[in-house]
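Results of the structural survey
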Amino acid sequence: DTAVSQTPKYLVTQMGNDKSIKCEQNLGHDTMYWYKQDSKKFLKIMFSYNNKELIINETVPNRFSPKSPDKAHLNLHINSLELGDSAVYFCASSQASGGWNTEAFFGQGTRLTVV
Amino acid sequence: AQSVTQLDSQVPVFEEAPVELRCNYSSSVSVYLFWYVQYPNQGLQLLLKYLSGSTLVKGINGFEAEFNKSQTSFHLRKPSVHISDTAEYFCAVRFPLYNFNKFYFGSGTKLNVKP
């Protein structure tokens, strides 16, 4: 079983469209993240949820809206896609309490291409 | 502000040679330290981590890292690299007393192993 799975793996779409990326973790973790990786491989945190509550919201355009229906899921919806949104988006999870499992586990990424 | 610095964006090395990838972080307070590897078109995979205890940490694939509190460094080493080690390597830091939920990533080091 994949620990952190995100879908789709590839997403090609036109400018102005709205799209969603889904993420699920089966590790029982209480914290989930969205990261954006640009063409230079730089990883930038976008959002983090702990027990369904938003705890990290970096400087991200409000066209990006995360939603966490439960602890195991964190989705990312993007409105009015722009060329600059093209990147690889990674979902990750970790345990923030209890002092164990303190690393982040990453999904395989979603390569978003806006044309 | 908390930060992580990977001084070398690229490290070319010949097969079977030793390699060191450098990582420095901004604060001398309590830290959790991680090294991740990213192979092409894949997610990030944990190589090793330091939480406490022995300053020399051994990880997967023959890698090790040494925590140096006075120099705020956590350099990654391998005595003899293989072609298959060609990948992007990321150092990450978690500051449990400052913002436990957030992972601070370095900008990555591309290790290029040549035959």
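Check the entry above for the structure.
Definitions and limits used
- Residues numbered from 1 in each chain as written.
- Chains lettered and ligands numbered in written order.
- Predicted model: local features only at pLDDT ≥ 70, side-chain atom pairs only at ≥ 80, totals over all residues.
- Heavy atoms only, no water.
- Helix = DSSP H or I, 4+ residues; strand = E, 2+ residues; numbered from the N terminus.
- Rg over C-alpha atoms; globule rule 2.2 N^0.38 Å.
- Contact = heavy atoms within 4.5 Å.
- Areas by Shrake-Rupley, 256 points an atom, 1.4 Å probe, with all protein chains shown as cover.
- Lys, Arg positive; Asp, Glu negative; His and termini not counted.
- Charge placed at Lys NZ, Arg CZ, Asp CG, Glu CD.
- Disulfide = S-S within 2.5 Å.
- Pairing = 2+ DSSP bridges.
- Axes fitted to C-alpha atoms, helices over the stretch in contact; angles between N-to-C directions.

**What about the overall build of chain A?**
Per the secondary structure count, chain A includes zero helices and 11 strands. Radius of gyration (C-alpha) of chain A: 14 Å, near the 13 Å computed for a compact globule of 115 residues. For chain A, contacts bridging at least 24 residues in sequence account for 54% of all contacts bridging at least 6. Only carbon and sulfur atoms are counted for the fraction: they give 49% of the accessible area of chain A, which is about 5600 Å². On chain A, the mean spot of the 12 positive side-chain charges and the mean spot of the 11 negative ones are 6 Å from each other.

**Quick word on the state of the cysteines**
Residue and element names in this part refer to chain A. Under the counting rule described, the total for this entry stands at two disulfides over all chains. Each sulfur in the disulfide pair Cys-23 and Cys-91 lies 1.8 Å from the other. The sign of the -80 degrees torsion about the S-S bond sets the Cys-23-Cys-91 disulfide as left-handed. Placement of the pair is Cys-23 in strand E3 (residues 19-25) and Cys-91 in strand E9 (residues 87-94), with a sequence separation of 68 residues.

**Remarks on the sheet that holds strand E1 (residues 4-7) of chain A**
All names here are of chain A. Reading across from one edge, E1-E3-E8-E7 is the order of the four strands in this open sheet, with antiparallel pairing throughout. Whereas interior strands pair on both sides, the edge strands pair on one side only; in this sheet they are E1 and strand E7 (64-70). Neighbouring strand axes in the sheet, compared pairwise and without regard to direction, differ in orientation by 15 degrees on average. Where E1 meets E3, four bridges bridge the pair, whose relative direction is antiparallel. Of the residues in E3, the one forming a bridge with Val-4 is Gln-25.

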